[in-house]
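Summary of structural features
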Amino acid sequence: MKILVAVKRTIDAYVKVRVRSDNTGVDLANLKMAMNPFCEIAVEEAVRLKEKGLATEVIAVTIGSDKAQEQLREAMALGADRSIHIQAGDELEPLNIAKLLKAVVLKEQPSLVLLGKQSIDSDNNQVGQMLAALCDMPQATFASRVELSSDKVVVSREVDGGEQVLSLQLPSVVTTDLRLNEPRFKKLPEIMKARKKPIEVVTPAQLGVEIKSHLTVVSVIDPPPRKAGVIVKTAAELVDKLRNEAKVIA
Amino acid sequence: MKALVIAEHDNQKLKAATRALVTAALQTADQVDVLVAGSACGAVVTAATRIAGVSSVRFADHDSLGHPLAEALAALVLTISAEYEFILAAATTTGKSFLPRVAALLDVAQISEITAVVDRSTFVRPIYAGSALATIRSSDTIKIMTVRTSAFAEATDAAVAAPVAALEFKPLAGKATFVSENLATSSRPDLAAARVVISGGRGLGSAENFRLLDKLADKLGAGIGASRAAVDSGYAPNDMQIGQTGKVVAPDLYIAIGISGAIQHLAGMKDSKVIVAINKDAEAPIFQVADYGLVADLFTALQEMEALL
């Protein structure tokens, strides 16, 4: 059984971003980049399923410029067997990404596709669902537990009110939430080994996908600043301010 | 210009998020229809007909829609999508799951979690955990959007009820099946709708201590939230998590207790009207967004506040 995992190169989760002064986007120059945290959880889950003997091969795929290969090496250091790099722009719209991933799915025929539920840069939360729809596969988003067997996968999902369990026929698409697992620390021998694992490079044209733009970014601005607050000295002063100044409690 | 709004509900009650969706939809279209998909959801349909500005309510009532799968909801919406220029759903776990399927199958983009409508094809949405606001223009003939409902006012009720029409729904041959659901039952207000939210962080130190928030919440009629650190430490369940990857709230009053204020947490609460931070670390980033900050031992502060309320 093959598992395909999609990974994205994003800004490191702990780095603060700045809006560019010309308001065309955020300034990513010289900032630390990493694998999107949800994608890392997806890779970890795929590798664990392989270690349990439930899968035979884990393939990582990414879409972006050549630098995105660093994240494929990261995925292979976590335990992915090989990678596919789709050479394209770094800021494709989710629908285009889903179409490119569909082309890879058709070629590789994985039983399970694992993706992060959202990337921490564009915060779209769309690709897994779009891919599932385009491939006519069942989906389970926001997974907190994945139980794989030969013909189905049972997924616990984080939903607004609590937890929901779905059973999906394979092949299927699962997107990961934070509590699914804690990715392992990448060890040096694994990082060395990952350098020798193969990366296949393809273009959207080779995959037969035409990139279409549906959206234009008009501007990117800082959120409006909050007006400076005050530090109160005691709980009594706080309650008094909330009651008589802010008037938010009775 | 017609918009379709997909109602948020639990088969018994229409959720307030639906009213915010109607407000957002009325900023794009002249005519707004509401779709209710559920099982034995008559009361929800009736409530939806009374929302001011709604032209008609369409509903599909079927056993299998009691716990609707994304596949089924998307298929249902696609049976009527050709009639609309705008399709809006709430950015809840339900909306986020089914709406991208609709967009993909119509070969159009989805614009996620809009917080403002600039004009009929231009919308504002936060990116990078709310560190920036992007204004996005769509060139698609049909605009598909999830809406951050806390950013829009709730439409009120009208004197006259809108007409109702039933839709035919054929359940799909199931590649996905619903197994079970374990929803938290709480007498507290829903986080999304609560006027006051009290949130606890790692500073509370244990699941037992986390329950100390209950008393203050009781006194203020507040919903209780948690930071990711508190959830990861096992102090609170995940459905309480507020932040970039959890729930986004904008209550009148948000009280952050023992929360340091990572950017990912701020993303979920910084649009609250009044923010209070109680933390013993004066350098905690939460104080930068707080209207009122109290640098103190949170356990003492909690007791003192309870006594004063």
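It should be noted that the structure appears before, not after, this text.
Residues numbered from 1 in each chain as written. Chains lettered and ligands numbered in written order. Predicted model: local features only at pLDDT ≥ 70, side-chain atom pairs only at ≥ 80, totals over all residues. Heavy atoms only, no water.

Helix and strand counts for chain A come out as 6 helices and 15 strands. The principal-axis extent of the C-alpha atoms belonging to chain A is close to 65 × 45 × 40 Å. Burial analysis of chain A (250 residues in total) assigns 56% to the buried set. Long-range pairs, those at least 24 residues apart, make up 70% of the contacts in chain A with a sequence separation of at least 6. (Helix = DSSP H or I, 4+ residues; strand = E, 2+ residues; numbered from the N terminus. Buried < 20%, exposed > 50% of the residue type's maximum accessible area, 1.4 Å probe, protein only. Contact = heavy atoms within 4.5 Å.)

Another aspect to go through is the overall build of chain B. What chain B contains, in helices and strands, is 9 helices and 16 strands. For 309 residues, the compact-globule estimate of 2.2 N^0.38 gives 19 Å, and the C-alpha radius of gyration of chain B, at 20 Å, lies within 12% of that figure. Projected onto its principal axes, the C-alpha positions of chain B cover 60 × 45 × 40 Å. Considering chain B as a whole, with its 309 residues, one finds that 58% of them fall into the buried category. In chain B, the proportion of contacts linking residues at least 24 apart, taken out of those at least 6 apart, comes to 64%. Counting every atom, chain B has about 11900 Å² of accessible surface; 51% of that belongs to carbon and sulfur. One way to put it: in chain B the 26 positive side-chain charges average out to a point 1 Å from where the 31 negative ones average out. (Rg over C-alpha atoms; globule rule 2.2 N^0.38 Å. Areas by Shrake-Rupley, 256 points an atom, 1.4 Å probe, with all protein chains shown as cover. Lys, Arg positive; Asp, Glu negative; His and termini not counted. Charge placed at Lys NZ, Arg CZ, Asp CG, Glu CD.)

The subject of this paragraph is the interface of chain B and chain A. If you look at the interface, chain B gives 79 residues, while chain A gives 77 residues. In this assembly, chain B packs against chain A so that about 6500 Å² is buried in total across both faces, 55% of it on carbon and sulfur atoms. Of all residues in chain B, B:Tyr128, B:Lys175 and B:Tyr292 bury the most surface against chain A, accounting for 13% of the area lost on that side. Taken together, chain B and chain A are joined by 4 salt bridges. (Buried area = accessible area lost by both parts, 1.4 Å probe. Salt bridge = Lys/Arg side-chain N within 4 Å of Asp/Glu carboxyl O.)

Consecutive side chains of a regular strand alternate in pointing toward one face of the sheet and then the other. Counting buried positions along strand E8 (residues 132–138) of chain B gives 6 out of 7 residues, so the element sits mostly inside the fold. Where strand E14 (residues 215–221) of chain A meets E8(B), 6 bridges bridge the pair, whose relative direction is antiparallel. The residue of E8(B) that forms the bridge with A:Leu215 is B:Ser138. Of the pairings in the sheet, the one linking strand E7 (residues 122–127) of chain B to E8(B) comprises 6 bridges and is antiparallel in character. In the sheet register, B:Val124 faces E8(B), and the bridge partner there is B:Thr135. Between E7(B) and the antiparallel strand that follows it, E8(B), lie 4 residues; B:Tyr128 among them carries a positive phi value of about 50°. (Pairing = 2+ DSSP bridges.)

The next point concerns the packing of aromatic side chains. Tallying each qualifying case throughout the model produces 0 aromatic pairs over all chains. Sitting over the face of the ring of A:Phe142, A:Lys117 holds its NZ or CZ atom 5.5 Å from the ring centroid. The side chain of B:Lys2 reaches across the aromatic face of B:Tyr84, ending 5.0 Å from its centre. (Phe/Tyr/Trp six-rings, centres within 6.5 Å; stacked < 30°, edge-to-face > 60°. Lys NZ or Arg CZ within 6 Å of the ring centre and 35° of its normal.)

Moving on to the nonpolar core. Of all hydrophobic cores here, the largest spans 56 residues; its most connected members are A:Ile86, A:Leu101, A:Leu131, B:Ile87 and B:Phe98. The element that contributes the greatest number of residues to this core is helix H3 (residues 94–108) of chain A, accounting for 8 residues. Judged by nonpolar contacts, the second largest core, of 45 residues, contains B:Ala20, B:Ala25, B:Ala29 and B:Ala90. (Core = buried A, V, L, I, M, F, W, Y, C linked by side-chain atoms within 4.5 Å.)

Overall, mixed pairing links the 10 strands, which are arranged E13(A)-E7(A)-E6(A)-E1(A)-E8(A)-E12(A)-E9(A)-E10(A)-E11(A)-E11(B) in an open sheet. Edge positions in the sheet fall to strand E13 (199–202) of chain A together with strand E11 (176–183) of chain B, since each of these pairs with one other strand and no more. Across the sheet, the axes of successive neighbouring strands diverge by a mean angle of 30°, strand direction being ignored. Strand direction decides the pairing type here: strand E8 (residues 112–116) of chain A and strand E12 (residues 172–176) of chain A, joined by 5 bridges, are parallel. The residue of E12(A) that forms the bridge with A:Leu115 is A:Thr175. Across the sheet, helix H1 (residues 37–51) of chain A is in contact with strand E1 (2–7), strand E6 (57–64), E8, strand E9 (139–148) and E12 of chain A; its angle to E1(A) comes to roughly 165°. Its contacts with the sheet place helix H4 (residues 127–135) of chain A against E8, E9 and E12 of chain A, and it is angled at close to 175° to E12(A). (Axes fitted to C-alpha atoms, helices over the stretch in contact; angles between N-to-C directions.)

The subject of this paragraph is a nonpolar patch on the surface. There is a patch of nonpolar side chains on the surface, built from A:Leu188, A:Ile191 and A:Met192 and spanning about 270 Å² of accessible area. Tracing the backbone through its elements, the reader meets A:Met192 in helix H5 (residues 188–196). (Patch = residues over 30% accessible without salt bridge, like charges linked within 9 Å, V, L, I, M, F, W, Y side chains within 5 Å.)

Moving on, we get to the sheet that holds strand E15 (residues 230–232) of chain A. Ordered in space as E15(A)-E16(B)-E15(B)-E14(B)-E12(B)-E13(B), the 6 strands form an open sheet in which the pairing is parallel. Strands with a single pairing partner mark the edges of an open sheet, and in this sheet they are E15 of chain A together with strand E13 (223–226) of chain B. Sheet twist, expressed as the mean angle between neighbouring strand axes with direction ignored, is 20°. As paired elements, strand E12 (residues 196–200) of chain B and E13(B) share 4 bridges and run parallel to each other. Counted as the bridge partner of B:Ile198 is B:Ile224 from E13(B).

To continue, consider the packing of helix H3 (residues 70–80) of chain B against helix H4 (residues 93–106) of chain B. All names here are of chain B. Between H3 and H4, the least distance of the axes is 8 Å, while the angle of their chain directions is 50°. Judged by the angle between their axes, H3 and H4 are oblique. The hand of the H3/H4 crossing is right-handed. Side by side, H3 and H4 meet where Ala 70, Glu 71, Leu 73, Ala 74, Val 77 and Leu 78 of the first sit next to Thr 94, Ser 97, Phe 98, Arg 101, Val 102, Leu 105 and Leu 106 of the second. By residue class, the composition of the contact of H3 with H4 is 9 nonpolar, 2 polar and 2 charged. (Parallel < 35°, antiparallel > 145°, perpendicular 65-115°, else oblique. Left-handed = near helix turned anticlockwise from the far one by under 90°. Nonpolar A, V, L, I, M, F, W, Y, C, P; charged D, E, K, R; others polar.)

On to H4(B). Residue and element names in this part refer to chain B. Within H4, 11 of the 14 residues are buried, which leaves it mostly tucked inside the rest of the structure. Turning to H4, its buried residues number three or more, namely Thr 93, Gly 95, Lys 96, Ser 97, Phe 98, Leu 99, Pro 100, Arg 101, Val 102, Ala 103 and Ala 104. At the exit of H4 stands Asp 107, carrying a positive phi of roughly 60°.

Another aspect to go through is unusual backbone geometry. Residue A:Pro171 follows A:Leu170 across a cis peptide bond; omega there is -5°. With respect to the secondary-structure elements, A:Pro171 resides in the loop between strand E11 (162–169) and E12. Residues other than glycine seldom take positive phi values, yet A:Asn30 does so here, at roughly 60°. Among the secondary structure elements, A:Asn30 is positioned in the loop between strand E4 (26–27) and strand E5 (33–35). Here the phi dihedral of B:Tyr128 falls at roughly 50°; this positive angle occurs in a residue that is not glycine. With respect to the helices and strands, B:Tyr128 occurs in the loop between E7 and E8. Residue classification places B:Tyr128 among the buried residues on the basis of a relative accessible area of 11%.

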